[in-house]
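Breakdown of the fold
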Amino acid sequence: MAGPDEETPSTEQRYQDLCMDLNMDKIATEEAWQSFEKMSTNYTLEGDDLHWLACALYVACRKSLTPTVGRGTVEGNCVSLTRLLRSAKLSLIQFFNKMKKWADMASLPQDFRDKVDRLERNFAVSTVIFKKFEPIFLDLFRNPGDDQPRAPRGRKQRRLPCTSSDVFSFCWTLFVQVKGNFPAISDDLVNSYHLLLCCLDLFFGNALCAGRKDLLNTEFPALPEGFTNRDWRSPSEPPCIIDKLCELHDGLVLEAKGIKEHWWKPYIKKLFDKKTLKGRQETLTGLLDLATFEINNKSINKEYEEWVLTVGDFDERIFLGEDADVEIGTPAKPAPNITGELGERMVQSSHLKQHMAETKSLAPSTPLTGRRYLKEKDPTVTPVSTATQSVSRLQALLAGLKTSPSDNLTKLFSECSRNPQESISSRIKEMGEQFCTSYTQPSEDHPGSHIEFAQKRLRLAETLYYKVLENVMLQEKKRLKGKLDLVSLMEQDVFHRSLMACCLEIIIFSYNSQRTFPWIIDVFGLSPYHFYKVIEVLIRAEDGLSRDVVKHLNFIEEQILESLAWKSESPLWEAMKMNENAVPSCEEVTLPSQLENGHSNTAVRMGQSPPVHPQVRRIARDTGVMLKKVESPLSPLSAHDRFSSPAAGSLGTAKRRLFSNDQTNNAATTTSAQSQPATVQVVTTATDQGVQQTITQQTVAIPIPSGSGTITYLATLPIVQQVQPGQQPQQIQLQAVPQGQQVPGAGVLGAMAQAVATGQQQAAPSQTAAVPHGTAAAAAPASGEKAAAGEQHPHKRIGSLGLFFRKVYHLASVRLRDLCEKLEVGDELRRKMWTCFTHTLKEHVELMRDRHLDQIVMCSIYVMAKVSANVTQHDKSFQDIMKCYRTQPQASSHVYRSVLLHPTGLP
């Protein structure tokens, strides 16, 4: 294995010593060394070579299986990760950082990367649980730092009572042993935390029944009456302090008691039956007695060691070690106010915030598109309190509601031309059975959960679904003013499946489960392109969702817009095909308030998408602070439009709506009766030359033939006139005329009315669009600006496809602007980069197939920087671009390391 490098023998000898210390087999040893030599040739490996060799060994070990007696096969040569890192003197945090780089360099398969990601998440869960364990333990027991040091005891010397430090270690070891044997519970953070409360409840009861006043904290409020008196006697049965622990430490009483009765107590009784634990089985006490404590402690440690070697990978007792700060990778000094080992551990755990802030494994950072509305969370809030508060808020939101339609929703169903209640109920029942089956079924990614937890999540999701559905129907009814039968939306299968899946995703996320998106849409076979449509609908319909849930849904929407919707099998391509493969331009789909005007190259502002959460609007309204900056216009698309409208601009299939100044009132409404045109508003302004400009808004009736007769659409249009001083504006009457005819004397107005009528005859009932600026009868800008003559803007195409591209353009503009600011690119060059991106997306959309939006953004920046380097002196290397890109919250190395070069199987 020796190489030509002079330093190789030293590295090789250290590697051989490491393998001998671990008793590594020959195959894994040679494979890891060959992999290391290959990486050393192709890359510059910074740092200690032995650390990179440890990564190579970990990969080689996980490829092998070792047969055992009575336990089948064991993955990993019976070498735990903790032991490997301890021998290589590599901390956990260093290992995760180096392992990600090694996976990129070695092009490891995605399933292995997922395994490392799950391992890192387990580490993060253990970290936050241990961080909560310490202060709760100090509430119940005396500070272990106050324990007097003991001299080593000989074999024949009398046993001594356990100390607070002994109880601290035993309690944590029993907790991780039980948690490891219950993957159904450890699947989410909330259940794991409640399991910890059950463990602390057990040890508190044992200390109380044993009369160990020297162990307990006399200031704990749940101590029995007269505890400090000399004549106090210990109880025969342990009390339950779950209620008090939940009250003091962000727990959910019902959830914690359910874990205790159905999971914790039966398993502890099982350990008594197996003689693993010794004591009084009927009351689950006696664990801390002088005669049993040492036996119980050794027995549980042995059980856990066997579990780590056979099933687990990360030894969670690492937090208890004297060198925990070094092995975890967070060197720290003891806190000034806390002494002893516990003080070191508590300070050390605080340094883990840096790693967790970088990985965002339990608390993803706010996406760039949401940072205008959602500030970063208070750093003092822990993931445990966030998860329990999210669940508590959901339970409060759904309190008193049923897992079936309410009376009001039933009435709304009955008002439809065909009552959809039966089909909706049967669909939800079928989806519920499918969810429970998938949630409880073990797989490579998840160990599987218990049916009880699946049913509990399902009940919450069903209740939320019917609540949101009722709000959506009320909003649709109000939006359409009763002119449209909602049965078309209620019979949309993809709408209901997407809404139910979104409700389930909210519940799963609130419990901080390992089943992360897109797991839920894979269960139901939903396409990401269809699923994203319901996200904004749900947020607008339910204002009781927590900040973290809104941020999570925003993050999911970004995932879909940037990559998932662009997969080859996505319905997006079929939607574009129906639209004659025409991608709308940025100007065609973006609201005027989101555009940067005054330049030939239009760039998108950081606008009002995604929607502002109603809670943010309510706070802004109550405080009166920055109201205009946090409010967003109502969505121009209803839920019906999102799920039933075809592609934007498709001929013969889309109904167009014409928008007036007030976006909160839908300017386009439908009616079955002829309505008389009416003047609705006149605004007069004076110019510098004394010429007055008047804007008169009129409503014009546009009859459109349909299968059942003629439907008349009403469109409110502004008319702009220049009036000399002393003169009155002309009385102009708009009217719709058949295609091909002219309106005598109307000039531009007649042509505009004809264009409107023509567009309506070619469109279907679900499409929305805006009238172009610059004509006499032009729709006023959404921002409330007055329409001015000579201003040219193309049509606003708003259908479901148009809305998708509006969001894509907005997302890309936010990310491109952020990169340009970090690269110190000027405004002129930034607009050129933006033009390059929009041209690529519009004229060469096939480049997005099976690729990532960020890839096109970075390439646009790189190309225009190179082209303009001689003029602007802003030559940027791709390395500079990637360095800035990695600072964005959504950044992932696979975006620039795994790029599709030659797509195959194109239609």
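Residues numbered from 1 in each chain as written. Predicted model: local features only at pLDDT ≥ 70, side-chain atom pairs only at ≥ 80, totals over all residues. Heavy atoms only, no water.

A few words now on the overall build of the protein chain. On a plain count of helices and strands, the protein chain comes out with 36 helices and 8 strands. Relative to its 907 residues, the protein chain shows a buried fraction of 53%. Contacts spanning at least 24 positions in sequence make up 71% of the contacts within the protein chain whose residues lie at least 6 apart. As displayed, the protein chain offers around 41,400 Å² of accessible surface, 50% of which is attributable to carbon and sulfur atoms. (Helix = DSSP H or I, 4+ residues; strand = E, 2+ residues; numbered from the N terminus. Buried < 20%, exposed > 50% of the residue type's maximum accessible area, 1.4 Å probe, protein only. Contact = heavy atoms within 4.5 Å. Areas by Shrake-Rupley, 256 points an atom, 1.4 Å probe, with all protein chains shown as cover.)

Here the focus is helix H35 (residues 878-885). Those residues of H35 that sit buried are Ile881, Met882, Cys884 and Tyr885. Take H35 and look down its axis: the buried residues cluster within an arc of 165°, on one side only. In H35, the exposed residues that point more than 90 degrees away from the buried face are Gln879 and Lys883. Where H35 is buried, its residues contact helix H31 (800-823), helix H33 (853-867) and helix H36 (893-897). (Arc of directions from axis to C-beta.)

This paragraph deals with the pattern of salt bridges. In total, this model carries 31 salt bridges according to the counting rule given. With a shortest N-O distance of 3.0 Å, aspartate 493 and arginine 497 are connected by a salt bridge. Of this pair, aspartate 493 and arginine 497 both sit in helix H21 (residues 493-510), 4 residues apart, which is roughly one turn of that helix. Through salt bridges with shared partners, one network takes in Arg427, Glu430, Asp493 and Arg497. (Salt bridge = Lys/Arg side-chain N within 4 Å of Asp/Glu carboxyl O.)

Attention shifts here to the confidence of the model for the protein chain. With 65% of its residues at a pLDDT of 70 or more, the protein chain has an overall mean of 73. Here strand E7 (residues 769-770) is the element of the protein chain with the lowest mean pLDDT, 31, and H21 is the one with the highest, 93. Counted against residues more than four places away or in other chains, residues 737-795, with its pLDDT under 50, gives 148 contacts. (pLDDT = per-residue confidence, 0-100.)

Going through the model one piece at a time under the given rule, you end up with 42 aromatic pairs. The interplanar angle of 80° and the centroid separation of 4.9 Å between the aromatic rings of phenylalanine 130 and tryptophan 172 together place this pair among those described as edge-to-face. Remark: tryptophan 172 occurs in helix H7 (residues 164-180) and phenylalanine 130 occurs in helix H6 (residues 110-140); sequence separation between them is 42 residues. For phenylalanine 130, a relative accessible area of 0% translates into the label buried. For tryptophan 172, a relative accessible area of 0% gives the class buried. Relative to phenylalanine 805, the ring of tryptophan 566 lies with its centre 6.1 Å away and its plane at 70°, an arrangement referred to as edge-to-face. In this pair, tryptophan 566 sits in the loop between helix H24 (547-562) and helix H25 (571-578) while phenylalanine 805 sits in helix H31, placing the two residues 239 residues apart along the sequence. An identical accessibility class is assigned to tryptophan 566 and phenylalanine 805; each is buried. (Phe/Tyr/Trp six-rings, centres within 6.5 Å; stacked < 30°, edge-to-face > 60°.)

In this structure, Trp102 and Trp566 are the most contacted members of the largest nonpolar core, which totals 221 residues. Take this core: its biggest share by element is 14 residues, from helix H9 (residues 189-209). Those residues within four positions of tryptophan 102 in sequence are excluded, and the remaining contacts are Ser35, Phe36, Met39, Trp52, Cys55, Ala56, Val59 and Leu108. (Core = buried A, V, L, I, M, F, W, Y, C linked by side-chain atoms within 4.5 Å.)

Summarising the element assignment, threonine 82 is placed in helix H4 (residues 81-88). Residues within four places of threonine 82 in sequence aside, it is in contact with Asp313, Phe314 and Asp315.

Between phenylalanine 517 and proline 518 the backbone carries a cis peptide bond, its omega angle lying at 15°. Topologically, proline 518 is positioned in the loop between H21 and helix H22 (519-524). Of note, the phi angle at asparagine 23 is positive, near 55°, even though the residue is not glycine. Structurally, asparagine 23 can be placed in the loop between helix H1 (8-22) and helix H2 (26-42).

A separate point is the packing of H6 against H9. Following both chains from N to C, one finds H6 and H9 inclined at 30°, their axes separated by 10 Å at the closest point. Comparing their axes, H9 and H6 come out roughly parallel. Here H6 and H9 pass one another in a crossing that is right-handed. Contacts from Val125, Val128, Ile129, Lys132, Phe133, Ile136, Phe137 and Leu140 in H6 reach Leu189, Ser192, Tyr193, Leu196, Leu197, Leu200 and Phe204 in H9. (Axes fitted to C-alpha atoms, helices over the stretch in contact; angles between N-to-C directions. Parallel < 35°, antiparallel > 145°, perpendicular 65-115°, else oblique. Left-handed = near helix turned anticlockwise from the far one by under 90°.)

At their nearest, the axes of H25 and H31 sit 10 Å apart, and the two run at 120° to each other. When the axes of H25 and H31 are compared, the pair comes out oblique. The hand of the H25/H31 crossing is left-handed. Residue-level inspection shows Leu572, Ala575 and Met576 of H25 in contact with H31, the latter providing Leu801, Phe804 and Phe805. The residue inventory of the contact of H25 with H31, partitioned by class, reads 6 nonpolar, no polar and no charged. (Nonpolar A, V, L, I, M, F, W, Y, C, P; charged D, E, K, R; others polar.)

All right, on to the side chain of aspartate 854 then. You can see aspartate 854 is positioned in helix H33. Taking relative accessible area as the criterion, aspartate 854 reaches 2% and is therefore assigned buried. Within the structure, the side chain of aspartate 854 is placed 3.3 Å from the side chain of glutamine 890, a separation counted as a polar contact. Those residues in contact with aspartate 854 that sit more than four places away from it in its chain are Glu562, Arg815, Tyr885, Gln890 and Val895. (Polar contact = N/O pair within 3.5 Å; in protein donor to acceptor, adjacent residues only side chain to side chain.)

The next subject is the environment of glutamate 237. Here glutamate 237 lies in the loop between H9 and helix H10 (242-248). In this structure the C-alpha to C-alpha distance between glutamate 237 and cysteine 209, which are 28 residues apart in sequence, comes to 6.8 Å. With sequence-adjacent residues up to four places away left out, glutamate 237 is seen in contact with Cys209 and Thr283.

Per the stated rule, a full pass over the model turns up 0 disulfides. Of the cysteine sulfurs around cysteine 820, a residue in no disulfide, the closest is that of cysteine 884, at 9.8 Å. Here cysteine 859 stays unpaired: no disulfide links it, and the sulfur of cysteine 836, its closest cysteine neighbor, is 8.9 Å away. Judged by relative accessible area, which is 39%, cysteine 859 ranks as partly exposed. (Disulfide = S-S within 2.5 Å.)

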